[in-house]
Structures are given as C-alpha cells and as structure tokens.
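# Geometric and topological summary
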Amino acid sequence: MQHIHAKHPHFWTYSRPTNHQDVGDLHTEEDEEPLVNPSHSMPGSDTEVDNGVRAAFIGPGNNLFRNYHPGLTGQPCNADGNFLTNGTLPEPRQPKPPDDWSPYSSRLEFELADFIYTRSQISAANLNTLLKLWAASLVKAGGKPMFGSYKDMYRTIDNTRVGDVKWQSFTVKYTGDVVADPAPWMHDEYDVWFRDPLEVVRNMLANPEFANNMDLQPFREYNTADSTRRWQDFMSGDWAWHQADQDCLGSAFVPIILGSDKTTVSVATGQNDYYPLYLSIGNIHNNIRRAHHNGVVLIAFLAMPKTTREYASKDEFRRFRRQLFHSSLGRILRTLKPGMAKPEVTLFGDGHYRRVIYGLGPYIADYEEQALLTCIVRNWCLRCLAYRNNLDDDDALDRCRDHAEMLIAEFALDALWNEYGIVGELVPFTNDFIRADIYELIAPDILHQIIKGAFKDHLVEWVEKYLRLTHGDSRANEILDDIDRWIAAVAPFPGLRRFPQGRHFKQWTSDDSKALMKVYLPAIEGHVPSDIVRTFRAFLEFCYLVQRDILTEKDLDDLDEALARFYRYREIFKTTGVITTFSLPRQHSMKHYKQLIQLFGAETSGIPPGPHLPNFTSGAHREGAVLLGNPHSPPTFELGHAISQEPTRLTSRLSRF
C-alpha cells in the first residue's frame, strides 16, 4: 500500500523455486472498539455473566484469578473447522509405519545421505564424481546408484518432513528510472533467503513440547485479595485482548513476534555481515521461549545492499536500501496474510485442531532499526509526537498510522521531515497487513536502549567527562584508575563477574555491560557528587524492575517513581556542563516502558536478546552457502537457478524420530 508521497524504487522478484502462490492484498476494516467492558470480573460474580468474560482461579490457594477473553476462546474443532463440544478428546495420531523412510526409498538410502552429508561433508563436485564412478560400476549389472547427482540427494534432503522448514530465496532488483550514467547498484541483484513463516508458525503450534506451555486466549490476571493487575506472559497484555472482531469468535489468536539485528561474523569466515530475522509467537510462555531452541526461529537473511563510497551517501541509494528492507519483509511475511483476515484450521500440540487468526505483533530491534521500521527521522521518538528538541514533553500524544497518513496527505516532504520527523517517501511494510500499526508495534529493547544505550553510552561516559571537566585530565585519570581498582577488587560471588583489568576493554559485549551494571555504583561512590550516585541508583532500580518476569500494579508505580527520581537527579550532568540536553531517544524510551508492559506483558515476553546465528563454519551448508561463503559450496552460481535449499543448519533434518 503506497501513500501519496511514495516515489520509492520499484522491485521485481522471482522465486527459485517457491511453494508460495501469489496472495493478493486483503482489505478488512480494523476493529476499533473492544468487544467487552474492560472492567474485570471475579470468578462466580455477576459481571462474569454480564459482559461475557469467563473468570477462573489459577494456581494453588486461589490467590490469583484470570478474566479470559470472551471471543478469542481457542475452542477445539475438527479438521473441517466445525467446533467440538467441551470434553471431546482429540483423535489419536496415527504412528508412521516402521518401514516408512519417505522421502527416502529405504533406510539404506537415508543412512547414505546421512553419512555423506552430515559426517563426510563431501563437496558437491566430489560427490558428483563419486556418484558417476558408482554408476559406472553398476552398468554391467544393470543397476544405478541411489542418487543420480548431488542435486538429487539435496532435493531429497530438502523434502524431509521432519526437522526445520526448508529455505527458499527470491531476488530483488531496482527497476526505477535509470539515468544515462547509472550507479552500479542500480544493476545489482540481491538475494533474500527465507523460510515460510506460516509453516514455521504451524510447526510451533503443533509442537507437543509446547502444548502445556501455551496460552490459547488473551487474559487479564489479578490478585484475588485486592484485585490488582499482574502482567507476565505476552497474552496477559492489553494489546492481544483488543485484536478480535466478530469473524474471529471461537478462534485462537496467534501474535507474530519479530526481531532483527545486524550481525558481524568474523570467526573463521572473514568479515561477513548478516542481517538475520527471527520469529516467535506470543502464545508460548516466557520461560519456555527462553529455554527452548524452537521457541525462537531464524526465518530469513535480509539483503544488505552495498555500493562504492561515491554512491553510498546518495539519497537515491539510501531510499532504495530502506524501501528494499520494507519490501523484503512484506514479501517474506505474505503467506500469513490470508490467516489474518479469515481464520484457518491448524493442528495444535495437544492433538486438537483449532481455528487460528494471525496478527503482526511487536517488532524487537535497536533504535536504528526501529527508526527504519517506522520511517521516522533519527533523534525523534518512534512512539510519540514529542519534538526532537524536547523529547520529555509530557503532553506529547502517541503516534498512530491514521495520523501519519493524514499528515503525509497534507504536508510536503520537507515539512514532514522537519516538523514531524516522518520520512514521507517510505512506506512501512505493515501498511500491507490488516490490524498492523507499526508505531504501536515497536517493542521495548532493554539491551540496546537501556543497558547499552542509557547505561554504557550515556551514564558511564558522562561520569568520565564530569571527572575531566572538574579535575582535569591528570587527576581524572587517577580517579578513573581507582574506580577500575574497585571494580577489579569485587570478590567472587555467584551472579557477579570479575573485571581484573577494570572496565578498560575495547569491545563491549552485552554481557560486559550487564555485568558492569552490578558493580559500577559502589566503585564510583566517593569520587562523584551524591546526585550522580543517586542518578545511578534510580536508573538501576528502573532497569531491574522492567526485567522482572512478573510485574504488578505496584511494580509499575515503583517504575514511575524510579523514573521520576532519575529525571530529577540526572540534572547534575547538565548543571555541571557535561551535556546540554536530555533529548536522547534511548533515555526517552524509558518513559514508554510502563505503557509497553501493559500492552505486551513483561519485557521478557519478547524475543530473548542475542539469539544465536547458525554455525557458519560447519560444512553443513550447500548451494545456499552462496550467501554464506561456505568452502563446500560449488565455485560458480548461475543466476536464476532453481534454489530452495537450506543455507544453514541441515543436520537436524537427518535426525529420524
């Protein structure tokens, strides 16, 4: 969906090959009013009947109760979508015959593929040579080898039904206006590798290991004693509660949680940059998502267009690169569209079928990527309309898609940029999906916003700058050395990390920042004014509160109180000349955390920080390794060749259950 100012490049795509059918844009009116009265009901109370909310005690001692959504009930049905009566048992699953090795013709063929691919890791060229020699040896006997070529074996592996969803690819290319002397990037083609997100989600829902650790309907949880609210897993938030319309009644709502983070892999692969995209679903409980390797799945490697220095800073290339990001996301996620407009019948891990309605949920990324996702100018807030020079304006309203589209229709591009922080030439990928407002879906990212941003890049650096402004470089260095000695002197204790050299290391990891937070405050006490110490104390209280697995109304009040103290005491950095403004997007984001917890549950309900990339150094990568630079891949690659192969870990496919 394009808006009035959209003059971005056009793209063409072709699959090589893909199982997808083209899916047209589906337009459905968004649900604007909640289905039920937001007031809660107690189990057995009159309101339980009045507003249709089902209330039930949970846990031992009836200390907690939940109000369950009256429409999104996750009612079991049969394979045809007809609802079953309560108490109906699921049909027993038919076990596979012991001699069924499909898509392999026999156990011997499976074990051969397992030996060649996972243990020997023979290159494609050598495998072809081996198969030709094998075929020649069988000519007199009138036989033939189990696989005709390496492509034949790879195709069989890709068709293995157990294990991961297979990888596919499509190519994107700039097809806009080309000048007389075009830039090189205008002729380049970019591969995007991806897994079908619909199949990935179906696998998650059908996984028996998740059956007892999944919420099938939105709920609101309360303490029985005082009826105060609690937030924990994703489905306990308000956002999921408001996603239903009349066509979804009886269905299970499945929120799609996305996350991405540009990553540089330098060990054993050279200096290679990757742009992985991860997916999870909001139904899985937080503790399971963090502990289970199938709770968060790598679904794509996004393209990272590069060009020469001459063109890298040109507006045309920047627009192309940004819109390529959105166009690629829309293409990857398009198979989810039909299930967002009309429920589909899906098998769950408990053996029951249910009607399912999908919806794009929160997107987790650092600030730079969030700005790209929302099409907002850097240094502006991505969630509210606070002016960039006054981000802590308490009267600023939230951004929303309808308001942004109205502004884009009324104002020129330069006015949008300067007065509202909107990049009017770009179209967010969410515009192609119903019930998706990118400004609402920007999720908290405590690692990049709070730990790396506000703590490491702001507060720690400000302390050093304060010491140099106050004492001069020579004395400041002595104090910093003493701070490092205190940090290094931390006694061994479970949960604390020791820094033998203090905090002087060039490459800060997320673990470094989180560990330093635990020991930094006592190390600076006595070297800086008390207001700086109080600033750190208030900040740390805020930081640890938002990381709790369960948050109550009192916790949110404490969050407000800690944030107010942080705002009050940090003024010392301005009065001493360390900084001139607090209009910093990462610190400003702390203002929105309470609202985000109420919408999406506890902060940990999202994708865990730092999901691991596959092992790129193993030989378990085939032609798809053209993306990864695998030494076992063929030396040449023909454009347009039919590729639907796995560029990452395939060994699990050859594990027979």
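The sections below set out a description of the structure shown in this document.

Parameters at a glance
Residues numbered from 1 in each chain as written. Predicted model: local features only at pLDDT ≥ 70, side-chain atom pairs only at ≥ 80, totals over all residues. Heavy atoms only, no water. Helix = DSSP H or I, 4+ residues; strand = E, 2+ residues; numbered from the N terminus. Buried < 20%, exposed > 50% of the residue type's maximum accessible area, 1.4 Å probe, protein only. Contact = heavy atoms within 4.5 Å. Areas by Shrake-Rupley, 256 points an atom, 1.4 Å probe, with all protein chains shown as cover. Salt bridge = Lys/Arg side-chain N within 4 Å of Asp/Glu carboxyl O. Pairing = 2+ DSSP bridges. Phe/Tyr/Trp six-rings, centres within 6.5 Å; stacked < 30°, edge-to-face > 60°. Lys NZ or Arg CZ within 6 Å of the ring centre and 35° of its normal. Core = buried A, V, L, I, M, F, W, Y, C linked by side-chain atoms within 4.5 Å. Disulfide = S-S within 2.5 Å. Expected span 1.5 Å × (residues − 1). Bend = angle between axes of the 7 residues up to and from the residue.

In this section: the overall build of the protein. Each helix and strand counted, the protein has 21 helices and 16 strands in total. The buried share of the protein, reckoned over its 657 residues, is 50%. The long-range fraction of contacts in the protein, counting pairs at least 24 apart against all pairs at least 6 apart in sequence, stands at 71%. A total accessible area of about 30700 Å² is found for the protein, and carbon and sulfur atoms account for 50% of it.

All chains considered together, the criterion is met by 26 salt bridges. Close ionic contact of E541 with R565 constitutes a salt bridge, the shortest N to O distance being 2.3 Å. Placement of E541 in helix α17 (residues 530-546) and of R565 in helix α18 (residues 553-569) is noted, with a sequence separation of 24 residues between them. You can call R565 buried: its relative accessible area is 13%. Between D558 and K554 there is a salt bridge, with the nearest N and O atoms lying 3.1 Å from each other. Residue D558 and its partner K554 are both found in helix α18; the two are separated by four residues, about one turn of the helix.

Moving on, we get to the sheet that holds strand β3 (residues 64-68). A sheet is described by the order of its strands in space; here five strands give the open sequence β2-β3-β7-β8-β16, paired in antiparallel fashion. Lying at the two open borders of the sheet, with one neighbouring strand each, are β2 (54-58) and β16 (551-552). In this sheet, β3 lies alongside β2 in antiparallel orientation, the contact comprising five bridges. Across the sheet, the residue bridging to A55 is N67, located in β3.

This part takes up the pairing of strand β9 (residues 252-260). Burial of β9 is extensive: nine of the nine residues sit out of reach of the surface. Side-chain alternation along β9 places A252, V254, I256, L258 and S260 on one buried face and F253, P255, I257 and G259 on a second face that is also buried. Examined bridge by bridge, β9 and strand β15 (residues 353-364) share seven bridges and lie parallel to one another. Opposite G259, over in β15, you have I364 as the bridge partner. Pairing of β9 with strand β12 (residues 276-281) involves five bridges; the strand directions are antiparallel. Each residue of the ladder has a partner; that of S260, found in β12, is L277.

Our next topic: the packing of aromatic side chains. Under the criterion given, the structure shown has 32 aromatic pairs. With a centroid separation of 5.9 Å and an interplanar angle of 65 degrees, the aromatic rings of F542 and Y593 are classed as edge-to-face. Residue F542 is found in helix α17, and its partner Y593 is found in helix α21 (residues 593-600); the two are separated by 51 residues along the sequence. Taken individually, F542 and Y593 each receive the classification buried, so the pair is uniform in this respect. The structure contains a cluster of three or more aromatic residues connected by ring pairs, namely F455, Y520, F536, F539, F566 and Y567. The ring of F348 carries the charged tip of R354 above its face, separated from the ring centre by 5.0 Å. The lysine or arginine in question, R568, covers the ring of Y569, its NZ or CZ lying 4.9 Å from the ring centre.

A word on the side chain of S251. Here S251 lies in the loop between α6 (238-241) and β9. Once residues within four sequence positions are removed from consideration, S251 is found in contact with G71, L72, T73, G74, P343, R355 and V356.

In this structure, I256, I299, I332 and Y358 are the most contacted members of the largest nonpolar core, which totals 92 residues. Those residues in contact with I299 that lie beyond four places of it in its chain are W167, W193, F194, R195, P197, V200, L258, L277, L279, I332 and L333. The next biggest cluster of nonpolar side chains, apart from the first, holds 52 residues, and it includes M517, F536, L540 and C543.

Take the state of the cysteines next. One pass over the structure, following the stated rule, counts zero disulfides. The cysteine C381 is free of any disulfide, with C384 supplying the nearest cysteine sulfur at 3.5 Å.

In this section: unusual backbone geometry. Note that the residue after S102, namely P103, is joined by a cis bond; omega there is 5 degrees. Take P103: it is sitting in the loop between β4 (76-77) and α2 (107-120). One non-glycine residue, S227, adopts positive backbone phi at about 60 degrees. Of note, S227 is situated in the loop between β7 (219-223) and β8 (229-231). A positive phi angle, close to 55 degrees, is found at R435, a residue other than glycine. Residue position: R435 is located in the loop between α13 (413-420) and α14 (438-441).

Over its 43 residues, helix α15 (residues 446-488) extends only 26 Å from the first C-alpha to the last, a length that falls short of the 63 Å expected when each residue adds 1.5 Å. At G472, α15 shows its strongest bend, of approximately 125 degrees.

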